[in-house]
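# Structure at a glance
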Amino acid sequence: MSNKIKYNIGMLILITWLFGYTGVKFYYKDANKELQTTENSDFNLVVDYDLTLEEAIKAGCYNDVDSKYITEANFPKTKEESGKRKVCFNLYRFDKRMMSEEVVEEMSRDGYRPAGLRELLALGQRKLKLQKDLPIIALGAVSVKDQNNVSLWIDSLLLASDDLGWIKGCHFLAIKE
């Protein structure tokens, strides 16, 4: 893992520790206001799967992008990722440390799947305030190179790993099946 990724994960842990549950909850309430939903409610966005990663990243206006790792080669499109489609999103947040498998299991029980990279980028593009306020992880955006996931955190697009589990307060983007 590169020093930049370790630094970013360290900052995520530090900020979460400093703000604790109430800080994250405050942001989450703001996110619900931004999305015009209540907690655990669906919201719809159009995803343009035909955009290149470069175009989708540029549209999201991120201050920092781990462009060495977030590439078409590391995150190739699937067969299903083509055209423009209206997609039903939801954000999951847990009050405890969770492993990826546990989060995916919860999503599956509710009829959701983890969001992929292009879906995360569509959210970042359409909901600029949200991507600046919340740590949002796309468990379906898995690098073919090293199995890391992509996350949005404080206006940055980064790689992250759940080696020790995802810390309390992380948000997971889900797509209705």
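Residues numbered from 1 in each chain as written. Predicted model: local features only at pLDDT ≥ 70, side-chain atom pairs only at ≥ 80, totals over all residues. Heavy atoms only, no water.

## Description of the overall build of the protein
- The helix and strand inventory of the protein stands at five helices and eight strands.
- Taken from N to C terminus, the helices and strands of the protein fall in the order α-β-α-β-β-α-β-α-α-β-β-β-β.
- Sequence separation of at least 24 residues holds for 78% of the intrachain contacts in the protein that already meet a minimum separation of 6.
- For the protein, the accessible surface area stands at approximately 9,000 Å², while carbon and sulfur atoms represent 53% of it. (Helix = DSSP H or I, 4+ residues; strand = E, 2+ residues; numbered from the N terminus. Contact = heavy atoms within 4.5 Å. Areas by Shrake-Rupley, 256 points an atom, 1.4 Å probe, with all protein chains shown as cover.)

## Regarding the nonpolar core
- Of all hydrophobic cores here, the largest spans 32 residues; its most connected members are Ile-136, Val-150, Leu-157 and Leu-173.
- Taken together, the elements giving at least two residues each to this core come down to strand 1 (43-48), helix 2 (53-59), strand 3 (84-93), helix 4 (117-126), strand 5 (136-142), strand 6 (149-153), strand 7 (156-160) and strand 8 (171-176).
- Considering every element that reaches this core, the biggest residue donor is helix 4, with five residues.
- The residues touching Ile-136, leaving out its near neighbours within four places in the chain, are Leu-91, Leu-120, Leu-123, Leu-130, Val-150, Ser-151, Leu-152, His-171 and Leu-173.
- Grouped together as the second largest cluster of nonpolar side chains are 14 residues, Met-98, Val-103, Ala-160 and Phe-172 included. (Core = buried A, V, L, I, M, F, W, Y, C linked by side-chain atoms within 4.5 Å. Buried < 20%, exposed > 50% of the residue type's maximum accessible area, 1.4 Å probe, protein only.)

## Regarding the pairing of strand 5
- Across the seven residues of strand 5, five count as buried, placing the element largely inside the fold.
- Across four bridges, the pairing between strand 5 and strand 6 is antiparallel. Considered in strand 6, the bridge of Val-142 is made with Asn-149.
- Across two bridges, strand 5 lies against strand 8 in parallel orientation. Across the sheet, residue Ile-137 finds its bridge partner in strand 8, namely Phe-172. (Pairing = 2+ DSSP bridges.)

## Describing the side chain of Asn-90
- Along the chain, the position of Asn-90 falls in strand 3.
- Side-chain polar atoms of Asn-90 contact the side chain of Asp-42, separated by 3.1 Å.
- Of the polar contacts made by the side chain of Asn-90, one reaches the side chain of Tyr-112; its length is 3.3 Å. (Polar contact = N/O pair within 3.5 Å; in protein donor to acceptor, adjacent residues only side chain to side chain.)

## Here's the deal with the pattern of salt bridges
- The tally for this structure, following the rule as stated, stands at six salt bridges.
- Glu-106 serves as the salt-bridge partner of Arg-109, at 2.6 Å between the closest nitrogen and oxygen. Of this pair, Arg-109 and Glu-106 are both found in helix 3 (residues 100-109), three residues apart, which corresponds to roughly one turn of the helix.
- Several salt bridges share partner residues, and in doing so they unite Glu-72, Glu-81 and Arg-118 into one network. (Salt bridge = Lys/Arg side-chain N within 4 Å of Asp/Glu carboxyl O.)

## Examining the packing of aromatic side chains
- Scanning all chains against the criterion turns up five aromatic pairs.
- An aromatic cluster of at least three residues, connected via ring pairs, comprises Tyr-92, Phe-94, Tyr-112, Trp-166 and Phe-172. (Phe/Tyr/Trp six-rings, centres within 6.5 Å; stacked < 30°, edge-to-face > 60°.)

## Some points on the pairing of strand 6
- Where burial is concerned, most of strand 6 is hidden: five out of the five residues are buried.
- Here strand 6 shows a buried face lined by Asn-149, Ser-151 and Trp-153 and a second buried face lined by Val-150 and Leu-152.

## Describing the confidence of the model for the protein
- Mean pLDDT for the protein: 78, with 77% of residues reaching 70 or above.
- Here residues 14-39 scores under 50 on pLDDT; set against residues more than four positions off or in separate chains, the count is 37 contacts. (pLDDT = per-residue confidence, 0-100.)

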